[in-house]
Amino acid sequence: MNIIQHVANLLIRSVFHADPASWPWTWLVQAVVIGIAAFLAFAFVAIFAGPVSWIERRIAGRIQSRIGPNRVGPQGVLQWLADGVKCWLKEDLVPAAADRPLFLAAPYLVFTGMFGAFVVLPFGAQVVAADLNVGILYLLAITSLVVVGLLMAGWGSNSKWALFGGVRSAAQLVSYEVPSAFSLLCVVLLAGTLSTQGIVAAQGGWPWDWFIFRNPFMFAAFFLYFTAAIAEGNRTPFDLPEAESEIVAGYNIEYSGMRFLFFLFAEWANIWIMAAISAFAFLGGWQIPGIAPEQIAATKGWEFVGWQALSWTIFLVKATFLVFVVIQIRWTLPRLRVDQLMITCWKYLVPLSMLMVLGVLVLLALVPEGGGADTILRGAMVGLGLAVVLVSALRVRRTFRVDREHYREMEGRDLWYPPYRLP
Amino acid sequence: MTPAEIRERVSAACPGAVEEFQADLLDPVLRLRPDRLREVCRFLRDDPGLRLHYLRLVTGIDRPAAADSETPGGIDVVYHLWSYELRHGCQLRVRLDRANPVVETVSDLWPDANWYERECFDLLGVTFAGHPGLTRLLMPADWVGHPLRKDYARPERYHGLPTSRATVLAEGRAAEVAPAMHDTKAQPIEGYLRLNMGPHHPATHGVINFLLETDGEILKKATPDVGYLHRGIEKLAEQVGYVGTMPYTDRVDYLGAMFTNHGWALAVEKLLGVEVPRRAEFCRVIASELNRIASHLISTGSLAMDLGAFTPFLHWIRERETINDIMERICGARLTYNYLRFGGVSRDIDPETLDKIKHWIDHFEPMMDEFDRLISSNEIFVRRLAGVAVISPADAIAYGLVGPNLRASGVAWDTRRDEPYSIYPEFAFDVVTGRAVHGTLGDAYDRYDCRLREIKESLKILRQAMAAIPEGEARVKVPRPKPAANEVYARVEGPRGECGFYVVSDGTEKPYRARFRTGSFTAMTIIEHLSPGLMLADLVALIGSLDVIAPEIDR
C-alpha cells in the first residue's frame, strides 16, 4: 500500500467515519489526495530546480575563480526567485513566421516529460507518488516525451539554428536511450521487478548490498548509465543541442520569458531525475543501513515518521551528491563534436551495455545470491569502489597542495587577484 | 638577393617587362608594363633562384594628374613579394589608366591575392581581368564610387541614411534603417541548406558573416562575408595626418593595440629617419610583450570557450585583468593604448610598475601549468582539435598566413628574429613552430599549442628586458612629422602575425596613402579553401584557432 492510499484511507476513517473498502466516495477522496500529492511534487520540482540553478551558478563561480550571484538574499540564495519573477514579467514573444501551436506547446511538453518522471521516483520507504509495477518502463517512456517537445520547439521556431538544435537533440536522445535502457535492464534483471520500490527493496542499506557493488558488470553499468543519462539531459560534454558557440542556442533560441525558463526548468529538474534514478537503481536508494524495509513498515506513530524522514534524507543526500558531480563535469569539460557523440554512443556505449546485460545474466546463473562466491565478489567490488574514491581524493589533494603553496607565496602582493574562496 | 639583383634577373628572363627601377625609395620598386605583369609574376614565383612564394600585399594608389603637370595620372597597383626560403623580396608596380584601370589577375598564382584584388576593386575601382569573383569586399554591394580615389565625393545619403554627422544632428535622428547592406552574393547551391553564420554569432569573434552551404552538419562551402566593421581607417589616415592616425591604429587590432601602434611609429620613424632612445625601445618591447601575452590569453581562452569549455576562458580573463591593470599604469589605458610616439613612448615605465610586472610573472608562470592541467591535455579538447583543418606549409605560405598560424604549419619565421626591428636581436628567445603534438603538422591543435608556447617565450623576453632596461630618456622631441616624398613598408610581429604598414608620403603632414597589412585579413582567405567537408563545429574550431578578429579584417 503506498502512501497516497494510506493517507486517503486514514482521511476516510477519521473524517468520514466510513470503511474505505465499501464507502462509495473512496475514489473521490483518493483523487483529491492524488491532486494534492501532484501539487506537492510540482512544488518540489519548482523548489528544487530553482535552488539548483543558484547552486550551479555558485559552484561555477567557484570553479571559474569568480563569485557568482550573491546579491539577492543572503549569499544570493533567492536569486532563482528574482530570475523567475523577471522571466514571468518578460514579454512572451512568438516569431511572426513561427508555427504558432507547435511553438507554444513545446515547452509544456518538455516540462511534462520531466515532471512525469517524478511520479515513480521513490523518495522514501513509503514516499512515492505511484509505485507502478512498470516503473522503469514508465520512466524510459515518459522521458522520451522530451524529444518530441524539443523537436517541436526546433521545428516550430522556424529558425534554422533552432532546427539544428532540435534535430541534434532528437538524434542524441534517441541514441543514448539505448545504452541507458540496457544499463537499467541489468538492474531489472537483478531485482526481478520493474517497480522502482521493488528495485530499492531488492538492495540493502550497506554499500555491499547496493547493486553497483554486486558484481563487476553492475559496476560498469552504473558508469554507462550515468554517462548516457548526462547525454540524455543535454549536459556538457554532450550539450550539443544548445551549443551556444556552434548553433547559437539551439532549440530554445526563439523563446523568451517564462517559456524559455520552462526549458531551463526542465533541464535542472532533469539533473535531479537522473541523479535520483542512479541513486535508487544502483546506490541503494533510501535504504537505511541496519534496518529492513519491513521493520520500518511495522513501526507506528512518530517512530514511523522518523524512519521515513531518515530514509528520505538518505535518498536526498545520495542524489544531491550526484547532482554536484554533474555540475562539476559541466564546468570542467569541453563539448564533443556531433560525429564523436554518435561514435561514443553506438560504437562504445551500446555494445558495452549489451555486454553488461550478458555478464549480469551469466553471473546470475553461475553465482547464487548469498553464497561464498557472491560475498567475495561483493567484497572485491566495494574494495574497488573505495580505491576509486581514494585515488581521486588523493589526486585532488595533490593538485590542491601545489596550488596552495603557490597562492601562499603570492598572498599579499600587489596586483594579485586570489582565486575566490567561498565564505 | 637585393632588389637590384632581382631586377637583373627579371630583365634577363623577360626583356622589356621592366619599365623603370626606382632605387631611390626606401623599398626599391620595379615598375612593370601592365601587359607583362603575369609573365613576370610567374617567373618570380617559379624561378628556383627567386622562389617568391609569399605575396605579402596587393594594394593600389590613386595618383591623379596634377593640375599644372604635363605627366598623365594613373592608378598604381603595388605588389609586395617575399621569399621565406631565400629571405629576399621585391616590390612590383604597374601604372594603369585612371579612366579604365584594367590589369590581369594574379589570384591563380597566389591565392591570397583574391581578396587583395577584391579590396582594390572595391576601394579604387581597379578591374582585375580573369578574377574568379570580382565583387566588392568591404563596402556594401550597391555602393556607388570608390572611396580611396582622390576625387571621390561621398554620397549624401545611402538608402535614406545620412552619411554625415552634421546631417544626422540637423535632422534629429537617423532617417530609416538601411536595407540589408551586404548582399548574399553567391546563389544558394541546389540541395544544400543555406545558413547565415553571423554577423552576430557567438563564434565569429566580432561582426563577420559566413555564408554556409551545409548538408546537415557537414559543410559544402563556407564563404566569409566581411565589411561589417569597415570604418575606413586608411581613408581617415589620409585626412588626419601622421600624428592623428596613432589613436586610430589602436582600433585596427583592439587586442594587440601596442603592435599597430608600434608598426605605425616604425613606419613614420623610417620616413623621418628618427632614432629612438634605448630606454624607449625597452619600454616598447616590455609593453608589446605584455600585450602579446594578453592577446594570446584571449585567443587560447576563447578557443576553449568555442569548444564548450567556459572555465579556461575565465581563468585567462583573470590573468589578463592584471595585465590590463599594468597597462593602465604604463600608459593610462586598458585596451586602446595610444602609447607610442614618434621618437619614443608617451611616458616612461616607472620602477614600481616594473616590480609589479615581475610579481605578475612570478604568479603567472605556475598558472600556465594549471591551465595545461585544466584543458590542454583534455581528451575531448585534443580530439576536437587534433587533425582538424590541417594547413600544409605550402598552403600556409601561398595563402599568406602569418605569425602563429604560419609557424604552426612548420615555417619557422618570426619577424622579431628574421627581419629584426627595435631591440629584439638583443634578446634570446626561441621561435616556436608546430610540432604535431597530437595530430598532423599544421592542425588546429598546433595553432593552439604554438600560442601557448609563445606566451612562455614572451615571458622570457620580458624577464630579459626588465633586467637590462637602461636609464635615460623615454622620448626624443620630434617636430611635427612632415616627411619628404617616399614610400616605406614597416612590419612588426604582432600576436596575429606580421603587422605591416605601407605608407606613401608626399611631403605634407598627411600620408598620401596608408595600407595596413594585417594577419586576420589573409587568415580569412583560407577559410573558404579549408571548409569543404568540415563539420559545423570544426568551422568554429577553425575560426577560433586562426585567431581572427573582425576589425583587423575590415579596418
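Numbers given to residues run from 1 along each chain, matching the order in which its sequence is written. A letter from A marks each chain and a number from 1 marks each ligand, given out in the order of writing. Only residues with pLDDT of at least 70 get local features here, since the model is predicted, and only at 80 or more are side-chain atom pairs given and counted; chain-wide, interface and lining totals rely on the full set of residues. The basis for every side-chain value is the complete set of heavy atoms in the structure, and neither hydrogens nor water enter the calculation.

This part takes up the overall build of chain B. Helix numbering and strand numbering both begin at the N terminus, where a helix is a DSSP run of H or I of at least 4 residues and a strand a DSSP run of E of at least 2. Across its full length, chain B holds 17 helices and 17 strands. Note on method: radius of gyration uses C-alpha positions; expected globular size equals 2.2 Å times residues raised to 0.38. Relative to a compact globule of 555 residues, whose C-alpha radius of gyration would be 24 Å, chain B shows 23 Å and is just as compact. In terms of overall dimensions, chain B has C-alpha extents of about 65 × 65 × 65 Å along its principal axes. In chain B, which comprises 555 residues, the proportion classed as buried is 62%. Residues count as neighbours in contact if any of their non-hydrogen atoms are within 4.5 Å of one another. Expressed as a percentage of contacts within chain B between residues at least 6 apart in sequence, the contacts between residues at least 24 apart total 67%. Carbon and sulfur atoms provide 52% of the accessible area of chain B, an area that totals close to 19400 Å². Asp and Glu count as negative and Lys and Arg as positive, but His and the ends of the chain are not part of the count. Here the site of a charge means NZ on Lys, CZ on Arg, CG on Asp, or CD on Glu. Counting 67 positive and 79 negative side-chain charges, chain B places the centres of these two groups 2 Å from one another. For each residue, the accessible area found with a 1.4 Å probe, counting protein chains only, is set against the maximum for its type, and the residue is called buried under 20%, exposed over 50%, and partly exposed in between. Where accessible areas are quoted, they stem from the Shrake-Rupley method and a 1.4 Å probe; at the residue level, only the protein chains shown are allowed to cover.

With that out of the way, let us pick up the overall build of chain A. Counting secondary structure elements, chain A contains 14 helices and 0 strands. Element order for chain A, N to C, with α for helix and β for strand: α-α-α-α-α-α-α-α-α-α-α-α-α-α. For 423 residues, the compact-globule formula gives about 22 Å, and the C-alpha radius of gyration of chain A, at 23 Å, lands near that figure. Taken along the three principal axes of its C-alpha coordinates, chain A extends 70 × 55 × 45 Å. Out of the 423 residues in chain A, the part that is buried amounts to 49%. Put simply, of all contacts in chain A between residues at least 6 apart along the chain, 77% involve residues at least 24 apart. Surface accessibility of chain A: about 19500 Å² in total, with carbon and sulfur atoms responsible for 72%. The centroid of the 29 positive side-chain charges in chain A is displaced by 7 Å from the centroid of its 26 negative side-chain charges.

All names here are of chain B. By the element assignment, Arg63 lies in strand E3 (residues 54-63). Other than its neighbours up to four places away in sequence, Arg63 contacts Gly73, Gly74, Asp76, Arg95, Arg98, Glu487, Val504 and Tyr512. Whenever a nitrogen or oxygen atom comes within 3.5 Å of another N or O atom, the pair is scored as a polar contact, on the condition that within protein one atom can donate a hydrogen and the other can accept it, and that pairs from neighbouring residues in sequence are kept only if both atoms are in side chains. Separated by 3.3 Å, the side chains of Arg63 and Asp76 make a polar contact.

Interfaces are often sized by the amount of accessible area the parts lose when they come together. Residues and elements named next belong to chain B. For chain B, the assigned domains are domain 1 (3-129) and domain 2 (233-554). Residue ranges assigned to each domain were obtained from an automatic or database domain assignment. A C-alpha centroid distance of 28 Å is found between domain 1 and domain 2. Between domain 1 and domain 2, the contact holds 29 residues from the first and 32 residues from the second. Computed with a 1.4 Å rolling probe, the buried area is the accessible surface lost when two parts are put together, summed over both parts. Between domain 1 and domain 2, roughly 2700 Å² of surface is buried when both sides are summed, and carbon and sulfur atoms account for 58% of that area. Should a side-chain nitrogen of Lys or Arg be within 4 Å of a carboxyl oxygen of Asp or Glu, the pair is scored as a salt bridge. Applying the counting criterion to the domain 1 and domain 2 interface returns 6 salt bridges. Put simply, domain 1 and domain 2 have 13 residue pairs in polar contact (both at pLDDT 80 or more) between them. For the side of domain 1 that touches domain 2, the secondary structure elements donating two or more residues are E3, strand E4 (74-83), strand E5 (88-96) and helix H3 (113-124). In terms of residues, the side of domain 1 that touches domain 2 owes the most to one element, E3, which gives 9 residues.

Residue and element names in this part refer to chain A. Any residue with an atom within 4 Å of a point lines the site, the site being either a cavity, points on a 1 Å grid over the protein atoms alone where a 1.4 Å probe fits but cannot get out, or a pocket, an open set with protein on both sides within 12 Å along at least 5 of 7 lines. Grid points are joined across faces, edges and corners, and a volume is the space filled by probe spheres set on the points. Throughout the structure, instances matching the rule amount to 5 cavities of 30 Å³ or more. As a volume, the largest cavity reaches approximately 180 Å³. For this classification, Asp, Glu, Lys and Arg are treated as charged, while Ala, Val, Leu, Ile, Met, Phe, Trp, Tyr, Cys and Pro are nonpolar and the rest, including Gly, are polar. When its residues are assigned to classes, the lining of the largest cavity shows 11 nonpolar, 4 polar and 1 charged. Looking at the second largest cavity, it is lined by 13 residues, and the ones nearest its centre are Met114, Val146, Leu150, Asn234 and Tyr251. Every element with two or more residues in the lining of the second largest cavity is listed here: helix H4 (100-117), helix H5 (135-156) and helix H10 (257-282).

An α-helical turn contains 3.6 residues, so any two residues separated by three or four positions project in the same direction. Residues and elements named next belong to chain A. Here a helix's expected span is defined as the number of its residues, less one, multiplied by 1.5 Å. For helix H6 (residues 160-191), which comprises 32 residues, the first-to-last C-alpha distance of 46 Å matches the rise-based estimate of 46 Å (1.5 Å per residue) to within 8%. Approximately 25° is the largest bend angle found in H6, and it occurs at Glu177, with the proline Pro179 only one to four residues beyond. Of the residues that open H6, the one with a side-chain oxygen 3.3 Å from the backbone nitrogen of Trp161 is Ser159. Directly beyond the C-terminal end of H6, a positive phi value near 75° is found at Gly192. Bend is the name given here to the angle between axes fitted to two runs of seven residues, the run ending at a residue and the run starting at it.

Now for a nonpolar patch on the surface. Like-charged residues within 9 Å of one another, or nonpolar side chains (Val, Leu, Ile, Met, Phe, Trp, Tyr) within 5 Å, are grouped into patches, provided each residue has over 30% relative accessible area and no salt bridge. A grouping of Trp25, Trp27, Leu28, Val32, Ile36, Phe39 and Leu40 of chain A is seen on the molecular surface, where their side chains present a nonpolar patch of about 790 Å² in accessible area. For Phe39 of chain A, the position within the fold is in helix H2 (residues 26-63).

What follows is about the nonpolar core. Counting residues in hydrophobic clusters, the biggest one holds 103 residues, and the most contacted among them are Trp272, Phe280 and Phe282 of chain A. The element that contributes the greatest number of residues to this core is H10 of chain A, accounting for 19 residues. A domain split of this core shows at least three residues from each of domain 1 (1-88) and domain 2 (90-366) of chain A. If sequence neighbours within four positions are ignored, Trp272 of chain A has contacts with Phe44, Phe48, Phe118, Leu121, Phe123, Phe315, Leu316, Ala319, Thr320 and Val323 of chain A. As used in this record, nonpolar core signifies buried Ala, Val, Leu, Ile, Met, Phe, Trp, Tyr and Cys residues forming a set joined through side-chain atoms within 4.5 Å. Counting residues in hydrophobic clusters, the runner-up holds 94 residues, among them Cys41, Leu96, Tyr152 and Leu406 of chain B.

Residue and element names in this part refer to chain B. Any two strands are treated as partners once DSSP identifies two or more bridges connecting them. Strand order in this open sheet of 3 strands is E15-E16-E17, and the pairing throughout is antiparallel. Each end of this open sheet is capped by a strand with a single partner; those strands are strand E15 (486-494) and strand E17 (513-517). Here the average twist between neighbouring strands, direction ignored, is 10°. Relative to E17, strand E16 (residues 497-505) runs antiparallel, the two sharing 5 bridges. Its bridge partner lying in E17, Tyr502 is registered against Arg515. With axes taken as lines fitted to C-alpha atoms, and helix axes fitted only over the stretch in contact, angles between N-to-C directions fall between 0 and 180 degrees. Along the sheet, helix H5 (residues 233-250) contacts E16 and E17; its crossing angle with E17, the most-contacted strand, is approximately 70°.

Moving on, we come to the interface of chain A and chain B. Contacts between the two partners involve 37 residues from chain A and, on the opposite side, 46 residues from chain B. Of the roughly 3600 Å² buried at the junction of chain A and chain B (both faces included), carbon and sulfur atoms supply 61%. Its salt-bridge partner being Glu217 of chain B, residue Arg168 of chain A comes within 2.5 Å of it at the nearest N-O pair. In this assembly, chain A and chain B are joined by 9 residue pairs in polar contact (both at pLDDT 80 or more). Among the secondary structure elements, those contributing two or more residues to the side of chain A that touches chain B are H6, helix H9 (244-247), helix H13 (338-366) and helix H14 (372-410) of chain A. Looking at the side of chain A that touches chain B, the element that brings in the most residues is H14 of chain A, giving 6 residues. Taken together, the residues of the side of chain A that touches chain B break down into 18 nonpolar, 8 polar and 11 charged.

Residues and elements named next belong to chain A. Domain parsing of chain A yields domain 1 (1-88) and domain 2 (90-366). Taken together, the 23 residues of domain 1 in the interface contact 26 residues of domain 2. Both sides of the domain 1 and domain 2 interface together cover about 2300 Å² of buried area, and 80% of this is carbon and sulfur. Applying the counting rule to domain 1 against domain 2 returns 2 salt bridges.

We now examine the pattern of salt bridges. Residue and element names in this part refer to chain A. Overall, the coordinates contain 66 salt bridges over all chains when judged by the stated rule. Linking Arg335 and Asp239 is a salt bridge whose minimum nitrogen-to-oxygen distance equals 2.9 Å. Of the two residues, Arg335 sits in the loop between helix H12 (301-330) and H13 while Asp239 sits in the loop between helix H8 (216-232) and H9, which places them 96 residues apart along the sequence. The same class applies to Arg335 as to Asp239, namely buried. A salt bridge links Arg378 to Asp374; its shortest N-O distance comes to 3.3 Å. With Arg378 and Asp374 both in helix H14, this residue pair falls 4 residues apart, about one helical turn.

This next bit is on the sheet that holds strand E11 (residues 209-215) of chain B. All names here are of chain B. Spatial ordering of the open sheet is given by E10-E11-E12, a layout of 3 strands whose pairing is antiparallel. Edge strands, defined here as strands with exactly one partner in the open sheet, are strand E10 (193-197) and strand E12 (218-225). With direction set aside, neighbouring strand axes in the sheet form an average angle of 20°. Bridge count for E11 against E12 is 7 bridges, and the pairing is antiparallel.

The next point concerns the side chain of Glu269 of chain B. Residue and element names in this part refer to chain B. Position of Glu269 relative to the elements: it lies in helix H6 (residues 257-272). There is a polar contact of 2.7 Å between the side chain of Glu269 and the side chain of Arg284. Among all residues touching Glu269, those that are not within four sequence positions of it are Val274, Val276, Arg284, Arg341, Phe342, Gly343 and Gly344.

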